Amino acid sequence: MNKKTKALTEEQYKEIIHYMKTGFCGCRPNERAATALVLEANLGLRISDILKLRFCDIVRDGDRYRLEIVEQKTGKRRIFTVPLVIQQYIENYCLRNSIGRTERIFPITERAIQKQLAIVCDYLDYTDISTHSFRKWYATEIYKNSGYDIALVQRLLQHSSAATTQR
């Protein structure tokens, strides 16, 4: 992992997603890459796990939705609640793009997303930002909104040590 990778600011997050979705001179819109990064920022999953998702992986559980995955990097099993607004965001994306329940939501490579992100960041003059910056943004938001509970963030990211989480 690139240690220089920074967490995004709220403004950077919004700008990157905006320009990915709308495109700009010399760069076509890429809703697929933008949506994958939105999920990374809102679920805290690694991009490699986002790219394996199928809509049927998000299961209704009473009045909530849950997602159960085995993390590609660590092999750890992870079950967590998906906020309704995110479930609906994914469902609408799948409907708009005719993606079936059992198909991968993002038939795209990690490299393709990295390349798109690099083009947008170059255009916006942002440095040291990678796909992992979106997971770091998620962690930072949880940390701030929980009253600075590092143990909570460590648990949500499935880190084995608080030192990893603090980095």
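Higher on the page you've got the structure.
These remarks concern the structure in this document. Treat the numbers as computed from the prediction; the structure is a model and nothing was measured. (Residues numbered from 1 in each chain as written. Predicted model: local features only at pLDDT ≥ 70, side-chain atom pairs only at ≥ 80, totals over all residues. Heavy atoms only, no water.)

### Overview of the overall build of the chain
At step 1: Across its full length, the chain holds eight helices and three strands.
At step 2: Secondary structure elements in the chain, listed N-terminal to C-terminal, are α-α-α-β-β-β-α-α-α-α-α.
At step 3: Computed over its C-alpha atoms, the radius of gyration of the chain comes to 16 Å, within 12% of the 15 Å expected for a compact globule of 167 residues.
At step 4: In terms of overall dimensions, the chain has a C-alpha envelope of 45 × 40 × 25 Å along the principal axes. (Helix = DSSP H or I, 4+ residues; strand = E, 2+ residues; numbered from the N terminus. Rg over C-alpha atoms; globule rule 2.2 N^0.38 Å.)

### So, the pattern of salt bridges
At step 1: Under the defined criterion, the tally for this structure stands at 10 salt bridges.
At step 2: Here Arg46 makes a salt bridge to Glu71, at a shortest N to O gap of 3.5 Å. In this pair, Arg46 is assigned in the loop between helix H2 (31-43) and helix H3 (47-50) and Glu71 in the loop between strand E2 (64-70) and strand E3 (77-82), connecting sequence segments 25 residues apart. Here Arg46 and Glu71 have matching classes, each one buried.
At step 3: Asp61 is paired through a salt bridge with Arg66; the nearest N and O atoms lie 3.2 Å apart.
At step 4: Owing to a relative accessible area of 40%, Asp61 belongs among the partly exposed residues under this scheme. (Salt bridge = Lys/Arg side-chain N within 4 Å of Asp/Glu carboxyl O. Buried < 20%, exposed > 50% of the residue type's maximum accessible area, 1.4 Å probe, protein only.)

### Re the packing of aromatic side chains
At step 1: In total, this model carries six aromatic pairs according to the counting rule given.
At step 2: Ring centres 6.1 Å apart and planes at 65 degrees place the aromatic pair Tyr13 and Phe134 in the edge-to-face group. Residue Tyr13 is found in helix H1 (residues 10-22), and its partner Phe134 is found in helix H6 (residues 132-145); the two are separated by 121 residues along the sequence. Each member of the pair Tyr13 and Phe134 is classed as buried.
At step 3: Between Tyr13 and Trp137, the aromatic rings sit 4.3 Å apart at their centres with planes inclined by 10 degrees, giving stacked as the arrangement. Of this pair, Tyr13 sits in helix H1 while Trp137 sits in helix H6, and the two are 124 residues apart along the sequence. The pair Tyr13 / Trp137 is uniform in exposure class, with both members buried.
At step 4: Grouped by ring-pair contacts, the aromatic residues Tyr13, Phe134 and Trp137 constitute a single cluster.
At step 5: Above the face of the Phe80 ring, Arg78 is positioned so that its terminal group lies 4.5 Å from the ring centre. (Phe/Tyr/Trp six-rings, centres within 6.5 Å; stacked < 30°, edge-to-face > 60°. Lys NZ or Arg CZ within 6 Å of the ring centre and 35° of its normal.)

### Quick notes on the nonpolar core
Nonpolar side chains tend to gather and get buried jointly when the protein is soluble and globular.
At step 1: Of all hydrophobic cores here, the largest spans 44 residues; its most connected members are Ile16, Leu67, Phe106 and Phe134.
At step 2: Contributing elements (two or more residues each) for this core: H1, H2, H3, E2, E3, helix H4 (84-96), helix H5 (110-124) and H6.
At step 3: Ranked by the residues each element gives to this core, the list is headed by H2, at eight residues.
At step 4: The residues touching Phe134, leaving out its near neighbours within four places in the chain, are Leu8, Tyr13, Ile16, Ile17, Leu37, Glu40, Ala41 and Leu117. (Core = buried A, V, L, I, M, F, W, Y, C linked by side-chain atoms within 4.5 Å. Contact = heavy atoms within 4.5 Å.)

### Brief notes about unusual backbone geometry
At step 1: Unlike most non-glycine residues, Ser98 shows phi in positive territory, near 50 degrees.
At step 2: As for its placement among the helices and strands, Ser98 is situated in the loop between H4 and H5.
At step 3: On the basis of relative accessible area, Ser98 is assigned to the exposed category, the value being 62%.
At step 4: A positive phi angle, near 65 degrees, is found at Asp125, a position not held by glycine.

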